[in-house]
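Survey of secondary and tertiary structure
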Amino acid sequence: MARIIAGMGTSHVPGLGAAMDNGKTGEPYWQPLFKGLEPVRAWHKDNIPDVTIIVYNDHATSYSLDNYSTFTMGVAEEFMPADEGWGPRQVPMVMGHPELAWHITENLILNEFDMAVAGSLDVDHGLTVPLSVAYDQPDVWPTKVIPLCVNVIQYPQPTPLRCYKLGQAIRRAVESFPEDLSVGIWGTGGMSHQLGGERAGVLNPEFDTAFMNNLVSDPAANTRLTHTDFIREAGCEGIEMIMWNVMRGALSDNVNEIYRFYHIPVSATAYGAIILENTD
Ligand code: DHB
Ligand code: FE
């Protein structure tokens, strides 16, 4: 059967991708961030799953705000890096896994998670920056990818609890796939940040640290947070962290924390990364 081996949470700050794409990672501003990512990359080098489910959000790039689904599974053979206004990132094409993606989709819908399905989807920084975080600059991404796009940008967003339950359902779906595949799952976005409005620039290390601590030892606590808690404590875009709950829901109750890294600021964002290994 297929098995979920580990999960990662990571911010998806577009400036991080731009720093890599433009050869600026050695600059003083970026050096501490990329130093902190070295153990992330070392772990990923030794633990490449056959398929990675990347839970991410589109930033009104491929979907306009008048055509938005709560949860969308990407079932295509391949996904193009999106043009976000200055040409697509020069990173490899993202290769999908249609068989597993359709299996998960069918299983979720028959178990009352009414997924939207995308047979064609350009993926923006929300998905490609986490790939760059994990794998640096390869010619080909070493894992196949199933994009799972979550609406975090337009009211009404799914609740943090619903996201966690979706992760639990994904795990059951993966484990009912007959082929022996290793599967990773990433929750992306966050941590605290607000890009516009009166509170632009909000960062909250206490909230972010508590959220990461809960991911390890009390994931249910993160499901009791409300949208208002996220917006008040972590800024409007801090709500992206609900996608980390999908990742956590897909893991075992007890997890091994492999690595954690937190750095403030990266662009307007508190950068956080955590790798959690399944124990059963
Ligand atoms: C930034 C962070 C994001 O999550 C995003 O989607 C866009 C920009 C930033 O900090 O610049
Ligand atoms: Fe974002």
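None of these values were measured; they are calculated from a predicted model. (Residues numbered from 1 in each chain as written. Chains lettered and ligands numbered in written order. Predicted model: local features only at pLDDT ≥ 70, side-chain atom pairs only at ≥ 80, totals over all residues. Heavy atoms only, no water.)

What follows concerns helix α5 (residues 125–135). Residues lying three or four places apart along an α-helix face the same way, a consequence of the helix completing one turn every 3.6 residues. Most of α5 is tucked away, with 11 of its 11 residues classed as buried. Listed in full, the buried residues belonging to α5 are His 125, Gly 126, Leu 127, Thr 128, Val 129, Pro 130, Leu 131, Ser 132, Val 133, Ala 134 and Tyr 135. Measuring from the side-chain oxygen of the N-cap residue of α5 to the backbone nitrogen of Gly 126 gives 2.8 Å; that N-cap residue is Asp 124. With its phi angle positive at about 65°, Asp 136 sits one or two positions after the end of α5. (Buried < 20%, exposed > 50% of the residue type's maximum accessible area, 1.4 Å probe, protein only. Helix = DSSP H or I, 4+ residues; strand = E, 2+ residues; numbered from the N terminus. Polar contact = N/O pair within 3.5 Å; in protein donor to acceptor, adjacent residues only side chain to side chain.)

Listed as protein donors to the iron ion (ligand 2) are His 12 (NE2), His 59 (NE2) and Glu 240 (OE); their distances from the metal cover 2.1 to 2.2 Å. Taken in chain order, the donor set of the iron ion (ligand 2) reads H-x46-H-x180-E. You can see His 59 sitting in the loop between β2 (51–56) and β3 (71–74) and its partner Glu 240 sitting in the loop between α9 (227–234) and α10 (242–249), a full 181 residues away along the chain. (Donors = N, O, S within 2.8 Å, 3.2 Å for Na, K, Ca; no water.)

As a further point, take the packing of helix α7 (residues 205–217) against α10. Contact geometry for α7 and α10: axes closest at 11 Å, N-to-C directions at 15°. Classified by the angle between their axes, α7 and α10 sit roughly parallel to one another. In this structure, the crossing between α7 and α10 has a hand that is right-handed. Seen from α7, the contacting residues are Phe 211, Met 212, Leu 215 and Val 216; seen from α10, they are Trp 244, Asn 245, Met 247 and Arg 248. (Axes fitted to C-alpha atoms, helices over the stretch in contact; angles between N-to-C directions. Parallel < 35°, antiparallel > 145°, perpendicular 65-115°, else oblique. Left-handed = near helix turned anticlockwise from the far one by under 90°. Contact = heavy atoms within 4.5 Å.)

As for its placement among the helices and strands, His 44 is situated in helix α3 (residues 38–46). His 44 gets classed as buried once you look at its relative accessible area, which sits at 2%. Excluding its chain neighbours within four sequence positions, the residues that come into contact with His 44 are Met 8, Ala 134, Tyr 135, Trp 186 and Ile 275.

On to unusual backbone geometry. The omega torsion of the bond from Tyr 155 to Pro 156 falls at 0°, within 30 degrees of zero and hence cis. In this structure, the amide linkage connecting Ile 264 to the following residue, Pro 265, adopts the cis form with an omega of -20°. A positive phi is found at Glu 112, a non-glycine position, where the angle reads about 75°. By the secondary structure assignment, Glu 112 is in the loop between α4 (98–110) and β6 (116–118).

A separate point is the sheet that holds strand β10 (residues 269–278). Judged by pairing direction, the sheet is mixed, and its 8 strands sit side by side in the order β6-β3-β7-β2-β8-β1-β10-β9 without closing on themselves. Two strands lie at the open edges of the sheet, namely β6 and β9 (255–266), each paired on one side alone. Going across the sheet, the axis of each strand differs from the next one's by a mean of 20°, ignoring polarity. Direction of pairing for β2 relative to strand β7 (residues 144–150): parallel, over a ladder of 6 bridges. Bridge assignment links Ile 54 to a residue of β7, and that residue is Pro 147. This element, α3, spans β1 (3–10), β8 (182–188), β9 and β10 of the sheet and lies at about 30° to β10. (Pairing = 2+ DSSP bridges.)

Ile 53, Ile 104, Leu 148, Leu 166, Ile 170 and Ile 185 are the most contacted members of the largest nonpolar core, which totals 50 residues. For this core, the element with the highest residue contribution is helix α6 (residues 160–175), accounting for 6 residues. Among all residues touching Leu 148, those that are not within four sequence positions of it are Ile 53, Ile 54, Val 55, Tyr 56, Phe 71, Thr 72, Met 73, Met 115, Leu 166 and Ile 170. The next biggest cluster of nonpolar side chains, apart from the first, holds 38 residues, and it includes Trp 30, Ile 54, Val 123 and Tyr 271. (Core = buried A, V, L, I, M, F, W, Y, C linked by side-chain atoms within 4.5 Å.)

Within the structure, ligand 1 sits among His 12, Val 13, Pro 14, His 59, His 125, His 193, Leu 195, Glu 240, Val 266, Ser 267, Ala 268 and Thr 269. The contact in question runs from an oxygen atom of ligand 1 to an N or O atom on the side chain of Glu 240, over 3.3 Å. Interatomic distance of 3.1 Å between a backbone N/O atom of Ala 268 and an oxygen atom of ligand 1. Tallied by class, the residues present in the shell around ligand 1 amount to 5 nonpolar, 6 polar and 1 charged. (Near = heavy atom within 4 Å. Nonpolar A, V, L, I, M, F, W, Y, C, P; charged D, E, K, R; others polar.)

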